[in-house]
Amino acid sequence: MKELVKCQLGKMELFNSLDQATINALSELGESKCYLKGSHIFRDKDEINKVYIVYSGKVALYKLNESAQKKIIFILGKESILNAVVLDDLPASINCEVFEKAEVLSFDRMKFQEIMMNDFELTKIVISSLSIKVRRLYRQLKNSTPIKVEKRVAAKLWKLSKDYGIEVEDGTVIDMNISITYLADMFGAPRETISRALKILQENDLIIYEKKKIKIKDKDKLAKFFKGIS
């Protein structure tokens, strides 16, 4: 396991700034595990003693409302730290579900903190991970203001295409299988509402949605649509 983790750490750009002694220390305590789509790495209120980092695949962080309806907060891909907030020694405050088959590295929380104390570069990596999530939450709050749902969906698809897009000859394909139900979970909205929004975007010749795959025909035009630029 040690050699596997060491090999995986060496392939991750996230840790390029760490010196070899830190990589060796992380390799000694790290574990690598595969999770299937739909399984949970941890749940809201769980007591967690590990720090989790995605090596491959994608996972979703979500909350449940009082009606047990999902609200997807983030979809995170490779080299994402899933639960840096666990360093505050409190239970998990969110659910973590595997969106697509994922390989995840885990590290004992207390020992991880000790390594952070010895290498400020690792501390900076954790702080940067938290900062990125905070900025994304700010954007989500901005986008939660009363605007037309099709513009909110357009903004979300633009962001997903930026994070997970594959450029093709006639646009950008989001490299994820996204059902209408899952999109509805991202917005905490009824499935029918999201379906109508996707239809509007298709009628405006902005996207193509087929078999859970979304192609953005022109990212600039999509951005102008949700920003209200004619």
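As the structure is a computational prediction, the values presented were derived from the model and not from experiment.

**Student:** Give a description of the UniProt feature "domain: HTH crp-type" (unreviewed entry) in the protein that names residues and reports values.
**Tutor:** The UniProt record marks residues 147-220 with the feature "domain: HTH crp-type" (unreviewed entry), using the residue numbering of this structure. Within the segment residues 147-220, helix and strand shares are 53% and 22% respectively, and the terminal C-alpha atoms sit 20 Å apart.

**Student:** Talk me through the packing of helix 5 (residues 149-164) against helix 8 (residues 219-227); I want residue IDs and the actual numbers.
**Tutor:** Where helix 5 meets helix 8, the closest approach of the two axes is 8 Å, and the angle between their N-to-C directions is 145°. You can see that helix 5 and helix 8 cross each other, and the crossing is left-handed. In this structure, helix 5 contributes E150, K151, A154, A155, L157, W158 and S161 to the contact, and helix 8 contributes K219, L222, A223, F225 and F226. Here the contact of helix 5 with helix 8 is composed, by residue class, of eight nonpolar, one polar and three charged.

**Student:** Provide a residue-level description of the packing of aromatic side chains, including the pertinent values.
**Tutor:** Under the counting rule described, the total for this entry stands at four aromatic pairs. Here F107 and F112 contribute two aromatic rings whose centre-to-centre distance is 5.7 Å and whose plane-to-plane angle is 50°, an arrangement assigned as tilted. It is K37 that lies over the ring of F99; its NZ or CZ is 5.0 Å from the centre. For the cation-ring pair, K70 lies above Y62, with the distance from its terminal atom to the ring centre recorded as 4.7 Å.

**Student:** Describe the state of the cysteines, listing the residues and the values that go with them.
**Tutor:** Under the criterion given, the structure shown has zero disulfides. We note that C34 lacks a disulfide partner, and the nearest cysteine sulfur, in C7, lies 14 Å from it. Owing to a relative accessible area of 47%, C34 belongs among the partly exposed residues under this scheme. Here C96 is not cross-linked by a disulfide; its sulfur's nearest cysteine counterpart is in C34, at 15 Å. Note on C96: relative accessible area 0%, which makes it buried.

Conventions used here
- Residues numbered from 1 in each chain as written.
- Predicted model: local features only at pLDDT ≥ 70, side-chain atom pairs only at ≥ 80, totals over all residues.
- Heavy atoms only, no water.
- UniProt positions renumbered as here; feature names shortened; annotations may be inferred.
- Helix = DSSP H or I, 4+ residues; strand = E, 2+ residues; numbered from the N terminus.
- Axes fitted to C-alpha atoms, helices over the stretch in contact; angles between N-to-C directions.
- Left-handed = near helix turned anticlockwise from the far one by under 90°.
- Contact = heavy atoms within 4.5 Å.
- Nonpolar A, V, L, I, M, F, W, Y, C, P; charged D, E, K, R; others polar.
- Phe/Tyr/Trp six-rings, centres within 6.5 Å; stacked < 30°, edge-to-face > 60°.
- Lys NZ or Arg CZ within 6 Å of the ring centre and 35° of its normal.
- Disulfide = S-S within 2.5 Å.
- Buried < 20%, exposed > 50% of the residue type's maximum accessible area, 1.4 Å probe, protein only.

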